[in-house]
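# What the coordinates show
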Amino acid sequence: MTEQRRIIYQIIMQSDDHPTAEMVYARAKQHMPSIALGTVYRNLKLMVDSGEIRHISMQGEPDRYDKTLKQHDHFVCVRCKKVFDCFTGDLSEHIANRTGIEVISYDLNIHCLCDDCRKLELQALQQ
């Protein structure tokens with residue numbers, strides 16, 4: 001494993017915020033100022049392809065990366081864009097039973113207001 005890949009992997013493993021490639025790049029530059037953005041993108045793709053990390057497609061936003069490989073879904077705050085884990089259980093069997101279609105895989109992003117943004121909205125309404 002190259003030094004660049006090791007740094008990128010450690011950043012993902014230490015992140016709870018499902019970072020974008022740009023976020024990983026900014027954090028990697030703190031450890032290796034000479035690292036290039038292209039190097040980050042290439043290594044993230046290699047890690048996704050090898051099953052070391054998970055890629056999260058985001059509609060209208062930069063894609064994110066996840067250290068948790070176990071099947072789970074994601075909440076996405078519509079206000080602050082925070083992404084956090086949602087363990088609903090595997091919905092494949094439920095979907096197959098309802099539709100008659102065998103599910104091979106799926107990605108589910110549930111749009112919401114996170115607790116922090118919900119509190120801010122309640123405070124704004126009270127003023």
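Residues numbered from 1 in each chain as written. Predicted model: local features only at pLDDT ≥ 70, side-chain atom pairs only at ≥ 80, totals over all residues. Heavy atoms only, no water.

Let us now look at the overall build of the protein chain. Each helix and strand in the protein chain was counted, giving five helices and five strands. Counting from the amino terminus, the protein chain carries its helices and strands in the arrangement α-α-α-β-β-β-β-α-β-α. Its C-alpha atoms give the protein chain a radius of gyration of 17 Å, clearly above 14 Å, the size a compact globule of 127 residues would have. With respect to the three principal axes, the spread of C-alpha positions in the protein chain is 50 × 45 × 25 Å. Put simply, the protein chain has 127 residues, and 30% of those count as buried. Residue pairs at least 24 apart in sequence account for 48% of intrachain contacts in the protein chain once pairs closer than 6 positions are excluded. If you sum the accessible surface of the protein chain, you get close to 8,300 Å²; carbon and sulfur atoms cover 52% of it. Side-chain charges in the protein chain split into 16 positive and 18 negative, and the spacing between the mean points of these groups amounts to 5 Å. (Helix = DSSP H or I, 4+ residues; strand = E, 2+ residues; numbered from the N terminus. Rg over C-alpha atoms; globule rule 2.2 N^0.38 Å. Buried < 20%, exposed > 50% of the residue type's maximum accessible area, 1.4 Å probe, protein only. Contact = heavy atoms within 4.5 Å. Areas by Shrake-Rupley, 256 points an atom, 1.4 Å probe, with all protein chains shown as cover. Lys, Arg positive; Asp, Glu negative; His and termini not counted. Charge placed at Lys NZ, Arg CZ, Asp CG, Glu CD.)

A separate point is the packing of helix α2 (residues 21-31) against helix α3 (residues 37-49). The geometry of α2 relative to α3 is characterised by a closest axis approach of 9 Å and an angle of 120° between their N-to-C directions. One finds that α2 runs oblique with respect to α3. Between α2 and α3 lies a crossing whose hand is right-handed. Each of Ala21, Glu22, Val24 and Tyr25 in α2 lies in contact with α3, whose residues at this interface are Leu37, Val40, Tyr41 and Leu44. Across the contact of α2 with α3, the residue classes tally to seven nonpolar, no polar and one charged. (Axes fitted to C-alpha atoms, helices over the stretch in contact; angles between N-to-C directions. Parallel < 35°, antiparallel > 145°, perpendicular 65-115°, else oblique. Left-handed = near helix turned anticlockwise from the far one by under 90°. Nonpolar A, V, L, I, M, F, W, Y, C, P; charged D, E, K, R; others polar.)

One open sheet accounts for three strands, arranged β4-β3-β5; its pairing is mixed. If you trace the sheet from one side to the other, it starts and ends with β4 (83-86) and β5 (109-112), each paired once. Ignoring which end each strand starts from, the neighbouring axes of this sheet average 30° apart. The pairing of strand β3 (residues 73-77) with β5 spans four bridges and is parallel. Within β5, the residue paired with valine 76 across the bridge is histidine 111. (Pairing = 2+ DSSP bridges.)

Once that is clear, we can look at unusual backbone geometry. Positive phi values are uncommon outside glycine, yet histidine 18 reaches one of about 50°. If you trace the backbone, histidine 18 turns up in the loop between α1 (3-13) and α2. Among the residues examined, histidine 18 registers a relative accessible area of 4% and is labelled buried. One non-glycine residue, lysine 81, adopts positive backbone phi at about 70°. Tracing the backbone shows lysine 81 in the loop between β3 and β4.

By themselves, these observations are geometric and do not establish any function.
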